[in-house]
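So you can see what is in the structure, the chains are spelled out below.
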Amino acid sequence: HIIPRCRVQQVYRNRVLVQVAGRIEAVVPAEERARGERYNQNDPILPVLIRVEKPDSMEPQLVLSRATPLLVKRLFEREAPEIEEGVVEVRAIAREPGVRTKLAVASNDHRVDAVGTFVGVKGSRVQAVMRELNGERIDIIPWTMDRRVLVTHALLPATVLNVDQTRETDPETGEERIRMIAIVPDDHLSLAIGKNGHNVRLAGELVGSRIDIETQSLWEEQKRWEEMLRVEASEIPGISDKLLERLRVSGYDSANSIAEVTEEDLLKVHGIGPVKVGQIHQEARRLVEKRAIEVEALRAEHEAGRAASDGAGQGGGDD
């Protein structure tokens, strides 16, 4: 809970000693202070209680915080009675204390706009919370179960053109995790990343996934190279139109998709025997490997040409 009627009693080695209600002593440790906040003796302070510590042979001590995301939630509860009533709620929150907070909010009543409720009339509610947090930026976005849409909202104020979702293995834990790739206009790259990376970092915490930012030009170039790697299933020797249609219906519309699976998977396609499956699988892998070598050579040539062009541009000067 928010602890009202608190005043700074003493600042000692970055620990703020606080007097609650004029009689109870508490402490705000250095790690629980928001960036940029400075306090002097007798200053008012509005923290939240995060735990009670009981050191040996000492009285229990209240540990308060100005850095926890919980403080932002409690401040909004004070401004918006709809939260306590259960009409609206915070579904996710990420905070860099003293810099920026992002909240994803939802409404439990279709007649009530969650974002509008948190913002308040002419921004009155969110501005009141920001004042208490000494001007900390607050982004309020609508909650959705669709991760791609949530990423698009979470990276505001940057414009997101597209979001790709992939799975990767964590090199430390070996666990599979989701990675989101957000595509932004070239001139929105710094806006999406934010100062010192805080915008994309907070967006990732809010969504619960790592988010990588790519510019539109680089993404489109990458897609062109990927498209060049594609080998149509019709290029596989000895494959009839009827068999092509059966493979397509089963989800194998390219030599790449055929090469990626096992012969056992291909045997599930209606009307293909073991011998034909072996031939198709072998030829598909051969064609895909050949195309990959060709594309890699083209890409290397392209990169070499680009490097030479950049070098010539940088080396040019007055005669």
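Residues numbered from 1 in each chain as written. Predicted model: local features only at pLDDT ≥ 70, side-chain atom pairs only at ≥ 80, totals over all residues. Heavy atoms only, no water.

J.: What is the right way to look at helix 5 (residues 147-154) in this model?
T.: What helix 5 keeps buried is the set Leu150, Val151 and Ala154. The arc that holds the buried residues of helix 5, viewed along the axis, is 100°, so those residues lie on one side. With a side-chain oxygen lying 3.0 Å from the backbone nitrogen of arginine 148, the N-terminal cap of helix 5 falls on aspartate 146. (Buried < 20%, exposed > 50% of the residue type's maximum accessible area, 1.4 Å probe, protein only. Helix = DSSP H or I, 4+ residues; strand = E, 2+ residues; numbered from the N terminus. Arc of directions from axis to C-beta. Polar contact = N/O pair within 3.5 Å; in protein donor to acceptor, adjacent residues only side chain to side chain.)

J.: Got a minute to help me understand helix 1 (residues 69-79) in this structure?
T.: An α-helical turn contains 3.6 residues, so any two residues separated by three or four positions project in the same direction. For helix 1, the complete set of buried residues consists of Leu71, Val72, Leu75 and Phe76. Burial along helix 1 is one-sided: seen end-on, the buried residues are contained in an arc of 135°. Here helix 1 starts with a cap whose side-chain oxygen sits 3.1 Å from the backbone nitrogen of leucine 70, and that cap is threonine 68.

J.: Any chance you could explain the side chain of serine 209 here in plain terms?
T.: Counting through the fold element by element, serine 209 comes out in the loop between helix 7 (198-207) and strand 12 (210-215). The class for serine 209 is buried, based on a relative accessible area of 8%. A distance of 2.3 Å separates polar atoms of two side chains, one belonging to serine 209 and the other to arginine 147.

J.: Explain the nonpolar core to me, please; I cannot follow it from the model alone.
T.: Across soluble globular proteins, you tend to see nonpolar side chains buried next to one another. Judged by nonpolar contacts, the single largest core of 23 residues is most densely connected at Val151, Leu155, Ala182, Leu206, Ile211 and Ile213. Of all the elements in the fold, those that place two or more residues in this core are strand 7 (88-96), helix 5, strand 11 (176-184), helix 7 and strand 12. By residue number, the principal contributor to this core is helix 7, which donates five residues. Not counting residues up to four positions away in its chain, the partners in contact with leucine 206 are Ala92, Ile93, Ala94, Lys102, Leu103, Ala104, Ile141 and Ala154. (Core = buried A, V, L, I, M, F, W, Y, C linked by side-chain atoms within 4.5 Å. Contact = heavy atoms within 4.5 Å.)

J.: Any chance you could explain the packing of helix 5 against helix 7 here in plain terms?
T.: Packed helices, taken two at a time, are described by the angle between their axes plus the distance between the axes. The contact between helix 5 and helix 7 brings their axes to 9 Å, and the two run at 145°. For the pair helix 5 and helix 7, the crossing hand works out as right-handed. Contacts from Arg147, Leu150, Val151 and Ala154 in helix 5 reach Asn199, Ala203, Leu206 and Val207 in helix 7. In terms of residue class, the contact of helix 5 with helix 7 is built from six nonpolar, one polar and one charged. (Axes fitted to C-alpha atoms, helices over the stretch in contact; angles between N-to-C directions. Left-handed = near helix turned anticlockwise from the far one by under 90°. Nonpolar A, V, L, I, M, F, W, Y, C, P; charged D, E, K, R; others polar.)

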